[in-house]
Each structure stands twice: as structure tokens, then as C-alpha cells.
Amino acid sequence: MFKQKNYLALGAVVLVAVVLLSLPTRATSRLKLAVSSWFLPLFGLASAGQQLPIDLADNVLPRRELLHQIDVLRRENQQLKSQAVQNAAVSRENDQLHTLLGWQRTVPWKLKLANVVMRDPANWWRTVQIDLGSRDGIQTNQPVLTTEGLIGRISSVSYLNSQVVLIGDRACRVSAIIENSTHDMGIVSASGPLDHSLVELGYLASSANLKPGQSVLTSGLGGVFPKGIPIGRIVSAQSIEYGLATEATVKLNANLGALEQVWVLIK
Amino acid sequence: MNFFKPVLILGFAFLAVFGEAVLVAPRQLLGAQVDLLPVLMVYAALNADIVTVSLLAVLGGMWFDSLSANPLGVTILPLMAVGFPVYLQRDLILRGLPFAQLVLGAAASAIVPALTLLILLNGGRQPLVGWGSLWQWIVMTAGGAAAAPVVFALFEWFSHAFGYKLRTEVSFRLDREIHRGRK
């Protein structure tokens, strides 16, 4: 009934799949990056296509609107300048106190702006690709954030682009601290596959004093994420494991569903 | 040999994977991304040869996995698991009927992600699976069902517009011609 050629083809496909799945992790990741690089020309075209309407819109913007925008930006600039002066004074004071107490100074972080070029086509992972790679000094485990807050960390790097695993994926757990009187600490972990804006905050003490609206920040423990990056706000908290622990639901500050530009923290 | 159809199928698969990675609207509107590779596999299994079916499973799977956090090669087997049985039974399938295309598209779009998740979970990976995955699975199945007749119609149009048919053999042969009269 079945021809031998069909079986040979089936055997070849199964063999290829088994060989690929059995390759060492390093070889697989290199092969993966090589295959994904086939799409680079298309990503270039797609980003050019996205930029075109923006350029066109800029060209047809009325003069009055442009003048209004300049006025708003000028005022914002003045406010930021005055804030910068205040911050510089606080920073100097901070440095003096650090010197007096003999504390180690915090190493400043550099930020690199990246464009999100694609999302994971599979529904069971939460990753995005950005247009910065090892050429730009990107390394694995560097934190990635937006102006609203933390969004994830770099999981793999190629020469031209990198993969970012987002908060909410099981591969991205973050040690977090809650801004309350007891400074409760927990681990931000995965949530459901549908809602990208909510994550679970687990491993909290049963006596944790949680209230909706409290801010959740990175604790700095674990060595991947620096301390103090905003993650989100507590939405609800419930007692679990027969009252032995507490779990909270956190609404992320950053909108993971509409990421366009992100910042990578580089040491 | 007519290479048009395999090239068309593989080219479409490449663009489909790219589109799934770039387009965010289905994810924002429906909560899930619709995968067109299973539908393409059904089309290839019904209308192309076994080499094209195998190439689509291998290349399509690798393209999909390369842009995803999936381990490379994990999507190859589910695609082939759909394509091979359809290919073997294709003489019994009324491939021209939109209803048959719809049912096959739905079945393929349901089986491929389910098998992929099964392989991932068996391999010790931790994909995001929960009750919400059921909704995503329904969206993928319905999306595949809706896309199947469209994909079939599109490929038929392309084949008619750009492809060529093999020359059919005729019974007349010059060497068997009966010459009447004396030479």
C-alpha cells in the first residue's frame, strides 16, 4: 500500500528532528541564530515600512501644531533642567555621605536604546527580539526596561540582535521588594498565558502586610537586576498553603503587549 | 520537473512565520497568534509530492523555532505528523471542497500546537500553560479553519497564473505510424 519513497522521506524527517533535538545547547543556539538570520532582510524592510507613515505624518503636520509641540517641549526642558540641578546637589550630598560612612559606591549603569523587531510566534513563550546584539555590547542576563518599569532580561545574543525573555515567562524570575512598612520580599514569577499585564508574586511571608496599590520594585538580590527598578503594583493578595505563605497578583507598570522601544542596562 | 509549487509553498511558509512574529494585532485582539504552517502542510500534503511535504516540515519547523524560544526542531515532528497521514490518504479526500479544507485546516491547527506542547513538556521545558491556553488553542483551531479555504484558493490562483502543467502524453507515436503504399 505505501511506497518505499514515502517511508524514506518520513524516516529522513524524523532523523533530522531527532538530531536537532539531541544537539548540545551551544550548537543548537548557534544553529538557531544562523537560521533566524535569514529573516534579517525582512526585518529591515518591516521597520522601514513602519517608519514610512511616521515620516509622512511628520511631513504633513501643520506649522501651528509643530510650534505648540516646541512650546511644550521647551517648558518640559526647563523643568527637567531645574530637576537635574537639584539631583546633582542630592548626588553630591550622597557621595559625601558614602565617603563619610565608608560605603561602597553604586556603579552607575549605562542605558542603550533598542527597537523591538519581533515577538515570539509561539503562544506559550513570552519573548521578544531587539535590534541590538553582541556588536553593541549586549550580553546575556542584562536587564531590559522601559520608562515605566522592568520588562525582562536578555536570554540569548547574536551579532546583530538579541532575545529578551519577558517578565511572566517561566524563564524570567525576579527577586522583588514591596514598598511598605515591612519591606516584604518575594519572587515575581509566571502568570497565566492570556493576560500579559498580570504576574504572580510568590514566596512572601505569611505575615506580609500587603495592600492594593503598593509598589513592587526589584530587590537587587540574585545579581541580575539592580535594586530599585519599578516592576508594578499590588492588585490583590491571598493566603496560600493553609495560611503558611502569601501570594500576590501584581499589575506590571510596563505594557508588554505594546513594546516598541526598550532600554538595555549595561554595566 | 515543475519547481514552481514547492518554491511557492516554502516561500509562503517563510513569509507566514515572519508575519506571525511581526504582526501583533491577532495577539492583542484574540489573545493568541494564529499559526498558518499547519494549514500550509495540509495544502502541501494534498497537492504536492512527499519531498515538498518533508521540506516544509523541516524548513517550516526550523524557521518557526528559530524565531521562537522553542528548542530548534521541536515543531518538525508535529508538522510531519499532520502532513504524512494526509499525504497517504489524499486520494480519498475531496480536496476541492471548502468544507473539507476547513475541517482539515481546523484539525491540523489543533493537532500541531498540542503535539508541540506535549513534546516540550516531555522534554522538561516549562511553557506557559494554563486555563487560558484552552482559549488560545480554540483561537488557533478556528483561525486555521478559517484560513484553510483562503490559502487553498490563493495557491490555486497562483498555480493557474504562474505555474505550468506537464505535457500530457498522447497515444500517437511517430515510430508506430503505419505507412500505406510502397516506398
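Throughout, a residue's number is its position along its own chain's written sequence, starting from 1. A letter from A marks each chain and a number from 1 marks each ligand, given out in the order of writing. Under the rules for a predicted model, residues below a pLDDT of 70 receive no local features and side-chain atom pairs below 80 are neither given nor counted, while totals for whole chains, interfaces and linings still include all residues.

J.: Residue-level account of the interface of chain B and chain A, with values.
T.: Across the contact, 42 residues belong to chain B and 37 residues belong to chain A. The helix count covers DSSP runs of H or I at least four residues long, the strand count covers runs of E at least two residues long, and both are numbered beginning at the N terminus. When contributions to the side of chain B that touches chain A are tallied by element, the ones reaching two or more residues are α1 (4-22), α4 (50-67), α5 (76-88) and α7 (131-162) of chain B. Top contributing element to the side of chain B that touches chain A by residue count: α4(B), with 10 residues. Counted by class, the side of chain B that touches chain A contains 28 nonpolar, 13 polar and 1 charged residues. By the criterion used throughout, residues are in contact when their C-beta atoms, derived from the backbone, lie within 7 Å. Three classes are used, and their members are as follows: Ala, Val, Leu, Ile, Met, Phe, Trp, Tyr, Cys and Pro are nonpolar, Asp, Glu, Lys and Arg are charged, and the others, Gly among them, are polar.

J.: I'd like to hear about the sheet that holds strand β4 (residues 150-157) of chain A, residue by residue, with values.
T.: Residues and elements named next belong to chain A. What the 6 strands build is a closed barrel, ordered β1-β2-β5-β4-β3-β12; its pairing is antiparallel. Neighbour to neighbour, the strand axes of the sheet diverge by 45° on average, direction disregarded. Should DSSP find at least two bridges between two strands, the strands are regarded as paired. Pairing between strand β3 (residues 143-145) and strand β12 (residues 261-266): 2 bridges, direction antiparallel. When the sheet's bridge partners are listed, Leu145 is paired in β12 with Trp263. Only the contacting stretch of a helix is used when fitting its axis, a line to C-alpha atoms as for every element, and angles between N-to-C directions run 0 to 180 degrees.

J.: For the pairing of strand β11 (residues 245-252) of chain A, give the residues involved together with the corresponding values.
T.: Residue and element names in this part refer to chain A. Three classes are used. A residue is buried when 20 or more other C-beta atoms lie within 10 Å of its own, exposed when 12 or fewer do, and partly exposed in between, with C-beta atoms placed from the backbone. Because side chains alternate across β11, one face comprises the buried residues Thr246, Ala248, Val250 and Leu252, and the other comprises Ala245, Glu247, Thr249 and Lys251, none of which is buried. Sheet topology note: the strand β8 (residues 198-205)/β11 ladder contains 6 bridges and is antiparallel. In the sheet register, Ala205 faces β11, and the bridge partner there is Ala245. What sits between strand β10 (residues 230-240) and β11 in their antiparallel hairpin is a turn of 4 residues, with Glu241 showing a positive phi close to 55°.

J.: I'd like a rundown of the pairing of strand β5 (residues 162-166) of chain A, residues and numbers included.
T.: All names here are of chain A. β5 sits mainly inside the fold: 5 of its 5 residues count as buried. Of the two faces of β5, both are covered, the one formed by Ser162, Val164 and Leu166 as well as the one formed by Gln163 and Val165. Sheet topology places strand β2 (residues 127-130) next to β5; 4 bridges connect them, and they run antiparallel. In the strand pairing of β5, Gln129 is matched with Gln163. In the sheet, β4 pairs with β5 via 5 bridges, with the strands oriented antiparallel. Counterpart to Ile154 in the pairing with β5 is Val164. Between the end of β4 and the start of β5, which pair antiparallel, lie 4 residues.

None of this, on its own, says anything about what the molecule does.
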